[in-house]
Amino acid sequence: MTEIKICGLVSEADASVVNECAPEYAGMVLFYEKSRRNVSASQAEKIIALLDKKIKKTAVVVSPDIKQIEKIEAAGFDYIQVHGNLDDKILERTKVPVIKALNIPEEGISEGILKELDKTLRNDKIYGVLFDAGTPGSGKTFRWQLIKELGENIRKAEKKFFLAGGLNSLNVADAVSE
């Protein structure tokens, strides 16, 4: 079954809109000041308090350190979506399930991506894998057909799979069918 995650919440008004849409997941960017959607841990707590309890709250971070992970856990998030590096020691200490983001460049699947995917799929602490465009947060799509190159491993994996990057009302049906 296809589930939906709305990402980039920044305000209490966003929480209200998300509650009306009732997706399965809602995401907030933390500890990444480069993003215009970055919120503080205290802002995130206020937004979380307003979201419907059925919606799974997801902290979106880049290469987090242990102090950031602890703040995320204290804020009440259900999941942590990690872009960039995820240190094994930090992963082991994490109490909240992790969604690991993999960026798929336009030129195709590299050996490095295949190795990272294999490591991710074998780790019990990883809840799911998010496939994103080569430049995360760009609002651009990638060639979704490239995911097929990842082979039988993803079809057999007992993980959730997420698709991100430039999804909108005009292309989301094509993305799901692909």
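Structure's up top.
Enquirer: Explain the overall build of the chain to me, using residue names and the numbers behind them.
Expert: Within the chain, the secondary structure is distributed over seven helices and eight strands. Expressed along its principal axes, the backbone C-alpha trace of the chain runs to roughly 40 × 40 × 30 Å. Out of the 178 residues in the chain, the part that is buried amounts to 43%. Within the chain, counting contacts between residues at least 6 apart in sequence, those at least 24 apart form 57% of the total. When the accessible surface of the chain is summed, it comes to about 10000 Å², and 50% of that surface belongs to carbon and sulfur atoms.

Enquirer: Give a description of the environment of Leu9 that names residues and reports values.
Expert: With respect to the element layout, Leu9 can be found in the loop between strand E1 (5-7) and helix H1 (12-21). With residues near it in sequence (within four places) discarded, Leu9 still touches Asp14, Ala15, Val18, Ala26, Gly27, Met28, Arg37, Val39, Ile47 and Leu51.

Enquirer: Account for helix H5 (residues 111-122), naming residues and giving values.
Expert: For H5, which comprises twelve residues, the first-to-last C-alpha distance of 17 Å matches the rise-based estimate of 16 Å (1.5 Å per residue) to within 8%. Those residues of H5 that fall on the buried side of the exposure criterion are Ile113, Leu117, Thr120 and Leu121. End-on, the buried residues of H5 take up no more than an arc of 95°, which puts them together on one face. In H5, the exposed positions that point more than 90 degrees away from the buried face belong to Glu111, Lys115 and Arg122.

Enquirer: A description of the side chain of Gln81 should follow, citing residues and the corresponding values.
Expert: Tracing the chain through its elements places Gln81 in strand E5 (residues 79-83). Residue class for Gln81 comes out buried when judged on its relative accessible area of 3%. Excluding residues within four positions of it along the chain, Gln81 makes contact with Lys5, Thr58, Ala59, Val60, Val61, Ile99 and Leu130.

Enquirer: How would you sum up the packing of aromatic side chains? Please name residues and give values.
Expert: With the rule as written, the count across this model stands at four aromatic pairs. Taken together, a centroid distance of 5.2 Å and an interplanar angle of 80° make the contact between Tyr25 and Phe162 edge-to-face. With Tyr25 in strand E2 (residues 25-30) and Phe162 in strand E8 (residues 160-163), this pair connects stretches of sequence that are 137 residues apart. Relative accessible area serves as the criterion here: at 1%, Tyr25 is assigned to the buried category. Taking 4.5 Å as the distance between ring centres and 40° as the angle between the ring planes, the aromatic pair formed by Tyr79 and Tyr127 counts as tilted. Placement of Tyr79 in strand E5 and of Tyr127 in strand E7 (residues 126-133) is noted, with a sequence separation of 48 residues between them. In this arrangement the basic side chain of Lys56 is found over the ring face of Tyr25, its NZ or CZ atom lying 4.8 Å from the centre.

Enquirer: Tell me what's going on with the nonpolar core, and back it up with residues and numbers.
Expert: The nonpolar side chains of a soluble globular protein tend to be buried with one another. Ranked by size, the top nonpolar core spans 27 residues in total, and within it Leu9, Met28, Leu30, Leu51, Phe77, Ile80 and Leu86 carry the most contacts. Of all the secondary structure elements, the ones that give two or more residues to this core are H1, E2, helix H2 (41-50), strand E4 (56-62), helix H3 (66-75), E5 and helix H4 (88-93). When residues in this core are grouped by element, the largest group, four residues, is from H2. For Ile80, the contacting residues outside a window of four places in its chain are Ala59, Val61, Ile69, Ile72, Thr94, Val96, Pro97, Val98 and Ile99. Counting 17 residues, the second-largest nonpolar core is a separate cluster that includes Leu102, Ile113, Leu117 and Leu146.

Enquirer: Could you give me a rundown of H2, with the residues and numbers involved?
Expert: Along an α-helix, a turn takes 3.6 residues, which lines up residues three or four apart on a common side. Every buried residue belonging to H2 is among Ala41, Ala44, Ile47 and Ile48, and all of these are buried. One side of H2 holds all its buried residues, which, seen down the axis, span an arc of 115°. Summarising the geometry of H2, the exposed residues directed more than 90 degrees from the buried face are Lys46 and Ala49. On its buried face, H2 sits against H1, E2, strand E3 (38-39), E4 and H3.

The rules we used
Residues numbered from 1 in each chain as written. Predicted model: local features only at pLDDT ≥ 70, side-chain atom pairs only at ≥ 80, totals over all residues. Heavy atoms only, no water. Helix = DSSP H or I, 4+ residues; strand = E, 2+ residues; numbered from the N terminus. Buried < 20%, exposed > 50% of the residue type's maximum accessible area, 1.4 Å probe, protein only. Contact = heavy atoms within 4.5 Å. Areas by Shrake-Rupley, 256 points an atom, 1.4 Å probe, with all protein chains shown as cover. Expected span 1.5 Å × (residues − 1). Arc of directions from axis to C-beta. Phe/Tyr/Trp six-rings, centres within 6.5 Å; stacked < 30°, edge-to-face > 60°. Lys NZ or Arg CZ within 6 Å of the ring centre and 35° of its normal. Core = buried A, V, L, I, M, F, W, Y, C linked by side-chain atoms within 4.5 Å.

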